[in-house]
Amino acid sequence: NTAAQVTGLGNELRPAERAAVLDAQALQLAGIAARMQGRLRDASGLLNQARGKLQQVRDGKLQSAAWLSAEIDVERALVAEASGDRGSTIGAFDTAIGILQQNFPQSPMLLATKARKAGYLSRAGDEAGARALFAEVVDQSSDIPDSGTALRELLSPYFALLSRDGSADAAARMFRA
């Protein structure tokens with residue numbers, strides 16, 4: 001008998017666990033809608049509730065819900081950005097990146113989340129940080145299948161940074177991207 005068999009958990013979600021994951025997803029979607037309507041305080045509360053719901057399922061260690069947890073943190077970053085809170089924005093992006101690095105290290109989703117953070121750094125005026133993170137994303141994308149589709153729109157700020165530079169190195173990086 002394995003530990004999972006003894007505790008009765010196995011790999012299957014129990015109905016209550018499945019319901020909690022679906023509740024978390026519903027709260028996340030409500031949070032996205034609130035952010036898009038400019039109701040940032042409501043959005044933050046809903047996203048925190050979504051995060052709490054996921055934490056209740058197997059002490060937050062449900063790998064199959066890691067993608068949802070990371071998406072919640074990306075949304076938290078967007079709410080913090082809209083609120084002008086740079087520290088919370090970077091922290092939420094870093095939390096999402098950490099979750100994805102642990103659970104999906106060779107995924108287009110990880111690269112897309114890094115590119116979204118790089119886009120934020122660019123919007124926030126940290127051109128050096130944005131360029132470095134975008135370059136990392138481009139370098140890693142050659143080893144990850146299907147990453148081009150996930151990154152296509154997210155690299156626009158990188159192209160803008162490189163085109164303003166105008167150097168031969170920037171042109172080479174643009175071509176590589």
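These remarks concern the structure in this document. Bear in mind the structure is a predicted one, so any value in this text is a computation, not a measurement.

## Digging into the side chain of Asn 103
With respect to the element layout, Asn 103 can be found in helix H5 (residues 86-103). The class of Asn 103 is buried, set by a relative accessible area of 19%. Engagement of the side chain of Asn 103 in a polar contact is seen with the backbone oxygen of Ile 99, the distance being 2.9 Å. Those residues in contact with Asn 103 that sit more than four places away from it in its chain are Gln 63 and Ala 66.

## So, the nonpolar core
Formed by 30 residues in total, the largest nonpolar core has its most connected members in Phe 134, Leu 151 and Tyr 158. Sorting the residues of this core by element identifies helix H4 (66-82), H5, helix H6 (108-123), helix H7 (127-141) and helix H9 (156-165) as the ones contributing at least two each. Element by element, the count of residues in this core is highest for H6, at seven residues. If we ignore the near neighbours within four places in the chain, the residues touching Tyr 158 are Arg 131, Phe 134, Ala 135, Val 138, Arg 173 and Ala 177. Residues Ala 20, Val 57, Leu 68 and Ile 72 belong to the second largest nonpolar core, which totals 16 residues.

## Considerations on the pattern of salt bridges
Under the criterion given, the structure shown has 14 salt bridges. Its salt-bridge partner being Glu 127, residue Arg 164 comes within 3.4 Å of it at the nearest N-O pair. Pair noted here: Arg 164 is in helix H9 and Glu 127 is in helix H7, with a separation of 37 residues, a long-range link. For Arg 164, a relative accessible area of 54% translates into the label exposed. Salt bridges sharing partners connect three or more residues here, namely Arg 51, Asp 73 and Arg 76.

## Remarks on the packing of aromatic side chains
The tally for this structure, following the rule as stated, stands at two aromatic pairs. Centroid distance Phe 93 to Tyr 120: 6.3 Å. Interplanar angle 35°. Geometry classified as tilted. Taken together, the residues Phe 93 in helix H5 and Tyr 120 in helix H6 connect sequence positions 27 residues apart.

About the thresholds
Within each chain, residue numbers correspond to sequence positions counted from 1 in written order. For a predicted model such as this one, the threshold for reporting local features is a pLDDT of at least 70, and the threshold for listing and counting side-chain atom pairs is 80 or more; totals across whole chains, interfaces and linings nevertheless cover every residue. Only heavy atoms go into the side-chain values, all of them from the structure, while hydrogens and water stay out. Segments assigned H or I by DSSP are reported as helices when at least four residues long, segments assigned E as strands when at least two residues long, and all are numbered from the N terminus. Burial classes: relative accessible area under 20% of the type maximum marks a residue as buried, over 50% as exposed, and values in between as partly exposed (1.4 Å probe, protein chains only). Polar contact is the term for a pair of N or O atoms within 3.5 Å; when the atoms are in protein, one must be able to donate a hydrogen and the other to accept it, and sequence-neighboring residues count only if both atoms are side-chain atoms. We call two residues contacting when some pair of their heavy atoms lies within 4.5 Å. Definition of nonpolar core: a set of buried residues of the types Ala, Val, Leu, Ile, Met, Phe, Trp, Tyr and Cys, connected through side-chain atoms within 4.5 Å. A side-chain nitrogen of Lys or Arg and a carboxyl oxygen of Asp or Glu constitute a salt bridge if their distance falls within 4 Å. Only Phe, Tyr and Trp rings take part, Trp by its six-membered ring, and two of them pair if their centres are within 6.5 Å. Stacked means planes under 30 degrees apart, edge-to-face means over 60, and tilted covers everything else.

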